[in-house]
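Spelled out, the chains give:
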Amino acid sequence: MIKSLLRFVIAVIFILSGFVKAVDLVGFSFKMEEYFSPSVFNMPFLEKFALIFSVIVVVLELLLGAMLLLKFKLKFTISALIALCVFFGFLTFYSAYYNVVTDCGCFGDAIKFTPWQSFIKDIVLLAGLIILFVLYKKEFCNKDDPYSYSEKPKSNKLKSAFFGVFVGLMIFVMAQGIINEPIIDFRDYKIGTDLKAEKEKINKNPSEYKTFYSLKNTKTGEVIRINQDDYVKESKYWEEGTPWKTEESKNESVLVKEGYKSEISKFKIEDPTGQDVTAEVINAPKAVLVFSYHPKEVSKELLAKIENKVKTQNATVIYGVSTMPNTFKTIKNAMMDGTAIKTIARSNPFVLIIENGKITDKQPAKNFVEE
């Protein structure tokens, strides 16, 4: 009973983890791009394959989780899951230790884990799988066991049918997320979100940070770390002639009070001159925004069609928002951080419609043009 319960819990965790990523494969691929970036593993040549790698990882999680749940080929399944956990454990430990990827995306946008929390989760799962391997070891060698490593399940049509339906459903979910929009939206930018209300919550309860300085004594070689308040209070650290020198590269900003968390805090749009137009957008009766996080990859023909279509929308505010100041030719250009755009847009380009601060529609631009 204990090993069956442990097997069920671990299987469900892998299936849930795979499902929330399968729903939004494009979003997970953005996370893979972070790992391939120069600041992490320095393999930028793999960034263009991020979506393929994302599909492989998610398929492995889903299939192996389902196989464990249904008790198919246990030796192979548990061994493969152990290998997968070791791989994930390495990634999460690297992220946590070097503080490079602050959210591994283990459960997509549904549940946020810090890198260390993700690492601990992987270690706990790895320990559970090793225990399972030991508990089921006798069955691996039992030729009479219909679930042994070398035998195919006998008289198991119901489980096989369930497995087939599960695979078909997951293929549909993944395809929907890639071609259109995630079938379930776990993001802060889901339809119905009131951007003005979210901005107010953020302003009323902001996160607080303190700067911690690394100081080195040029006479003794002693190195200390103090926060900004103590630094200001103690004149010996900054007065003229002081032996204490700030090591600029080692200074860091540390979160001391967690405020209201929302990705809406990064919703900031500027015109090409640097003027903030965010308020104009969220206060407009109707604003139509066309986003592009890789404007150079969008064809001029598609851009022209989108611009013509948005101008028929009877909107009071229309902006083309990208990472470049001159992407759009017949509508106003605006700029936004590329990572922030990816949080909103899962396709390139993408259309977002906001009415009095509330998101009323969003869709890939190719769908918008074909309406």
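### Things to note about the pattern of salt bridges
Taken as a whole and assessed by the stated rule, the structure comprises 15 salt bridges. A salt bridge links Asp 24 to Arg 346, with the nearest nitrogen and oxygen atoms 2.7 Å apart. With a gap of 322 residues between them, Asp 24 in the loop between α1 (2-23) and α2 (25-36) and Arg 346 in the loop between α12 (338-344) and β8 (350-355) connect regions that are remote in the sequence. Each member of the pair Asp 24 and Arg 346 is classed as buried. Here Arg 187 and Asp 185 are joined by a salt bridge, their closest N and O atoms 3.0 Å apart. Take Arg 187 and Asp 185: they sit in the same class, and that class is buried. Several salt bridges converge on common partners, so that one network encompasses Glu 181, Asp 185, Arg 187 and Lys 362.

### Focus: unusual backbone geometry
Omega for the bond connecting Asn 348 with Pro 349 falls within 30 degrees of zero, at 5 degrees, which places this linkage in the cis form. Mapping Pro 349 onto the fold places it in the loop between α12 and β8. In this structure, Lys 71 takes a positive phi of about 65 degrees despite not being glycine. Within the element layout of this structure, Lys 71 appears in the loop between α3 (50-70) and α4 (74-98). Positive phi, close to 55 degrees, is recorded for Asn 314, a residue that is not glycine. You can see Asn 314 is positioned in the loop between α11 (300-310) and β6 (317-322).

### Considering the environment of Ser 249
With respect to the helices and strands, the residue Ser 249 is situated in the loop between β3 (244-246) and β4 (252-257). The spatial distance from the C-alpha of Ser 249 to the C-alpha of Thr 330 is 44 Å, given a sequence separation of 81 residues.

### Points about the packing of aromatic side chains
Applying the stated criterion across every chain, the model contains 17 aromatic pairs. Note on Phe 93 and Tyr 97: the rings are 5.6 Å apart at their centroids and 20 degrees apart in plane angle, and the pair reads as stacked. Of this pair, Phe 93 and Tyr 97 both sit in helix α4, 4 residues apart, roughly one helical turn. You can call Tyr 97 exposed: its relative accessible area is 53%. With centroids separated by 6.1 Å and ring planes inclined at 45 degrees, the aromatic side chains of Tyr 189 and Phe 267 adopt a geometry described as tilted. On the criterion of sequence distance, the pair formed by Tyr 189 in the loop between α7 (157-179) and α8 (195-204) and Phe 267 in the loop between β4 and α10 (278-283) is long-range, its members being 78 residues apart. For the pair formed by Tyr 189 and Phe 267, the shared burial category is buried. An aromatic cluster is defined as three or more aromatic residues linked by ring pairs; in this entry it consists of Tyr 35, Phe 41, Phe 90, Phe 93, Tyr 94, Tyr 97, Tyr 98, Trp 116 and Phe 119. The positively charged end of Lys 3 is found above the aromatic ring belonging to Tyr 136, 4.6 Å away from the centroid.

### Notes on a nonpolar patch on the surface
Together, Phe 49, Ile 52, Phe 53, Ile 56 and Leu 60 make up a nonpolar patch on the protein surface, roughly 420 Å² of accessible area in all. Mapping Phe 49 onto the fold places it in the loop between α2 and α3. Residue class for Phe 49 comes out partly exposed when judged on its relative accessible area of 35%.

### Quick look at the pairing of strand β9 (residues 358-364)
Pairing geometry for β8 and β9, over 6 bridges, is antiparallel. Of the residues in β9, the one forming a bridge with Ile 354 is Ile 359. Between β8 and β9, which follow one another and run antiparallel, lie 2 residues, and Asn 356 among them has a positive phi close to 50 degrees.

So, how was this worked out
Residues numbered from 1 in each chain as written. Predicted model: local features only at pLDDT ≥ 70, side-chain atom pairs only at ≥ 80, totals over all residues. Heavy atoms only, no water. Salt bridge = Lys/Arg side-chain N within 4 Å of Asp/Glu carboxyl O. Helix = DSSP H or I, 4+ residues; strand = E, 2+ residues; numbered from the N terminus. Buried < 20%, exposed > 50% of the residue type's maximum accessible area, 1.4 Å probe, protein only. Phe/Tyr/Trp six-rings, centres within 6.5 Å; stacked < 30°, edge-to-face > 60°. Lys NZ or Arg CZ within 6 Å of the ring centre and 35° of its normal. Patch = residues over 30% accessible without salt bridge, like charges linked within 9 Å, V, L, I, M, F, W, Y side chains within 5 Å. Areas by Shrake-Rupley, 256 points an atom, 1.4 Å probe, with all protein chains shown as cover. Pairing = 2+ DSSP bridges.

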